[in-house]
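Residue-level listing of the chains:
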Amino acid sequence: MRFWGEPPLVREPDVTLFGLERVDAPEQEFLDKSAMRYVSAADVRARGPEQAARTTLSRMHADARQVVLHLDTDVIAQEEFPAVNVPGTAGLGFADVRAALIEFLKNPNLLGLDVAQYNPDKDPDGSGAKKLVDLLVEALEGRFSALAEPAASSDVNAEPSGQTRAEAETSSDGPGDINNETSA
């Protein structure tokens, strides 16, 4: 994207397409010339969705950078999720998308998530919407649990007052205060 002649907000080398399956000739030509990275659906299936997601995050340096995740629901095979604008076969199975999404959402540097391509006109009974909402709830619960784990483990040194040991040590009243002692 370019606004008023400025450089793109997101550079091609900073984009990774995950679960890519259906690519037409012009798209493939663009990808061949682009610095954009991609992981095919076949690679995701071969490695397993969790491992493929972890490897992708590592290659994106997501441990040191903020990440925005865009989920196009048409990456899911139409047999399992037909309520999309561009349905196609041979996409990822719903279980693979679930497993990868949960892994991506565990990353503490995830800054945002958006979901696209769901089409309610192709979902007259709402079953696709329910499936999608259930997926997002499950994945976000996994994120909240993953983010809570480091906080829970940092409370190991908590003092009975609710302060951590470090907080208690820095809130001493004077040289004779017991909190000035260094503990190993």
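An account of the accompanying structure is given in this report. (Residues numbered from 1 in each chain as written. Predicted model: local features only at pLDDT ≥ 70, side-chain atom pairs only at ≥ 80, totals over all residues. Heavy atoms only, no water.)

With respect to the overall build of the protein chain
Looking only at helices and strands, the protein chain features 6 helices and 4 strands. A separation of at least 24 residues holds for 58% of the contacts in the protein chain among residues at least 6 apart in sequence. When the accessible surface of the protein chain is summed, it comes to about 11600 Å², and 54% of that surface belongs to carbon and sulfur atoms. (Helix = DSSP H or I, 4+ residues; strand = E, 2+ residues; numbered from the N terminus. Contact = heavy atoms within 4.5 Å. Areas by Shrake-Rupley, 256 points an atom, 1.4 Å probe, with all protein chains shown as cover.)

Thoughts on helix H3 (residues 49–59)
Structurally, the α-helix is built with 3.6 residues per turn, so residues lying three or four positions apart point the same way. Within H3, burial applies to Pro-49, Ala-52, Ala-53, Thr-55, Thr-56 and Leu-57. Contacts made by the buried residues of H3 are with strand S1 (16–20), strand S2 (37–40), helix H2 (41–47) and helix H4 (94–105). Just downstream of H3 lies His-61, where phi reads positive at about 60°. (Buried < 20%, exposed > 50% of the residue type's maximum accessible area, 1.4 Å probe, protein only.)

A look at the pairing of S2
When S1 meets S2, the two strands line up parallel, connected through 4 bridges. Bridge pairing in S2 links Leu-17 to Tyr-38. (Pairing = 2+ DSSP bridges.)

Description of the nonpolar core
Val-97 and Leu-101 are the most contacted members of the largest nonpolar core, which totals 28 residues. Taken together, the elements giving at least two residues each to this core come down to H2, H3, strand S3 (67–72), H4 and helix H5 (127–154). In terms of residue count, the dominant contributor to this core is H4 (7 residues). (Core = buried A, V, L, I, M, F, W, Y, C linked by side-chain atoms within 4.5 Å.)

A few points about the packing of aromatic side chains
Enumeration over the complete set of coordinates arrives at 3 aromatic pairs. Note on Phe-18 and Phe-104: the rings are 5.0 Å apart at their centroids and 90° apart in plane angle, and the pair reads as edge-to-face. Of this pair, Phe-18 sits in strand S1 while Phe-104 sits in helix H4, and the two are 86 residues apart along the sequence. For Phe-104, a relative accessible area of 9% corresponds to the buried category. Measuring from centroid to centroid gives 6.1 Å for Phe-81 and Phe-94, while their planes differ by 35°, and the two rings are tilted. Residue Phe-81 is found in the loop between S3 and H4, and its partner Phe-94 is found in helix H4; the two are separated by 13 residues along the sequence. For the pair formed by Phe-81 and Phe-94, the shared burial category is buried. Members of the aromatic cluster, connected to one another through ring pairs, are Phe-81, Phe-94 and Tyr-118. (Phe/Tyr/Trp six-rings, centres within 6.5 Å; stacked < 30°, edge-to-face > 60°.)

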